[in-house]
Amino acid sequence: MQSPAMKESGSDRVFTVVNYVILSVFLIVVLYPLIYVVSASFSSSSAVLSGKVWLWPVEPTLEGYRAVFKNTMVAKGFMNTLFYTLAGTSINLILSVMAAYPLSRKDFRGRGLFMLLFVFTMLFNGGLIPTYLLVKDLGMIDTVWSMLIPGALSVWNVIIMRTYFQTTIPTELLEASQLDGCTDFRFLWRIVLPLSGPILAVIALFYAVGHWNQYFNAMIYLKSADLYPLQLLLRDILVQNEVNIEMLGDAKTAAARQGLRELLKYSLIVVTSVPLLIVYPFLQKFFVKGVMIGSLKG
């Protein structure tokens, strides 16, 4: 026999209404800038310059996107960013697994000392200048390796992954595989990694977002424009307001160039954001299982 539903009290209704109001306000505050950027990217340059764009596109056009995709610098930057993201994330995952799995094994001697050394690097570092000198002495200045090696391992992600291994992979499974003659590397490859899909997907997304949004290392270590990532180009446009005239395509007048320069900002923001927005929904289902389990125990 089902129990009658609990009647909601007046204070509960007030609490619910206040929650909805507060959350709605936060939603509007967060959502409006995104809507404005998308609307401005599809509006005409004159409408953007005159401030006519508020919510919906005004005088809809693809002028900004045509200028983005015609520009060779943007195409080169996009390909560079894609390479840095794919190669960097692969290196990150390999090193993170190689560090996290041994630290998760109770029979690994000295794991406490190694864990202390890892955590120490989270609290203290050499600073920007010593790091630059190290990268320079290693001969990685103005090479793709300067975008991949200095940030090849995140200790925080290693800790999350280590905790996931500890709480998800039972010790009995390891003992049973050892009785069957399974080596540590085979156990990791055939058993641990297939059972760790959620945490691998989450950590891969963390690393990929970091690589996709990376511009600071490129600004410090790269000199050749052919190696610039897309975010560095976006930074030059948004922060320094620097746009190469060649990026503006066939604009005929100074006024049109100025308007297209402003429109290009919004179009480029959308272009750089869309790839991650497409990937995120496919990995969202792994977040609760991956991150929450990986952060329950230290």
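Since the structure is predicted, the reported quantities are computational estimates derived from the model, not experimental observations.

## Observations concerning the environment of Phe42
With respect to the element layout, Phe42 can be found in the loop between helix H1 (10-41) and helix H2 (45-49). As a C-alpha pair, Phe42 and Gly64 span 22 residues in sequence and 7.3 Å in three-dimensional space. Each residue touching Phe42, except ones within four places of it in the same chain, is listed here: Pro57, Glu59, Pro60, Thr61, Leu62 and Tyr65.

## What about the UniProt feature "transmembrane region" (unreviewed entry) in the protein?
Within this numbering scheme, the UniProt entry marks residues 20-42, 82-101, 113-135, 147-165, 187-209 and 263-283 as carrying the feature "transmembrane region" (unreviewed entry). Across residues 147-165, helical content stands at 68% and strand content at 0%; the span's end C-alpha atoms are separated by 29 Å.

## Description of the packing of aromatic side chains
One pass over the structure, following the stated rule, counts ten aromatic pairs. Considering the side-chain rings of Tyr32 and Tyr36, the 6.4 Å spacing of their centres and the 35° angle between planes classify their relative orientation as tilted. Separated by four residues within a single helix, Tyr32 and Tyr36 lie in helix H1, roughly one turn from each other. A residue is classified by how much of its surface remains accessible, and Tyr36, at 22% relative accessible area, is partly exposed. Of the aromatic side chains, those joined through ring pairs into one cluster are Tyr32, Tyr36 and Tyr266.

## Details of the nonpolar core
In terms of nonpolar packing, the biggest core is built from 24 residues, with Tyr101, Met161, Phe165, Phe187 and Val192 touching the most fellow members. Elements represented by at least two residues in this core include exactly helix H4 (72-104), helix H8 (155-168), helix H10 (184-192) and helix H11 (197-212). Considering each element in turn, this core owes the most residues, seven residues, to H8.

## Digging into the pattern of salt bridges
Enumeration according to the criterion identifies two salt bridges in this entry. Note that Asp107 and Arg105 form a salt bridge whose closest N and O atoms lie 3.0 Å from each other. Between Asp184 and Arg105 there is a salt bridge, with its nearest N and O atoms 3.4 Å apart. Here Arg105 lies in the loop between H4 and helix H5 (111-123) and Asp184 lies in helix H10, a separation of 79 residues in the sequence. Taking relative accessible area as the criterion, Asp184 reaches 39% and is therefore assigned partly exposed.

How each quantity is defined
Residues numbered from 1 in each chain as written. Predicted model: local features only at pLDDT ≥ 70, side-chain atom pairs only at ≥ 80, totals over all residues. Heavy atoms only, no water. Helix = DSSP H or I, 4+ residues; strand = E, 2+ residues; numbered from the N terminus. Contact = heavy atoms within 4.5 Å. UniProt positions renumbered as here; feature names shortened; annotations may be inferred. Phe/Tyr/Trp six-rings, centres within 6.5 Å; stacked < 30°, edge-to-face > 60°. Buried < 20%, exposed > 50% of the residue type's maximum accessible area, 1.4 Å probe, protein only. Core = buried A, V, L, I, M, F, W, Y, C linked by side-chain atoms within 4.5 Å. Salt bridge = Lys/Arg side-chain N within 4 Å of Asp/Glu carboxyl O.

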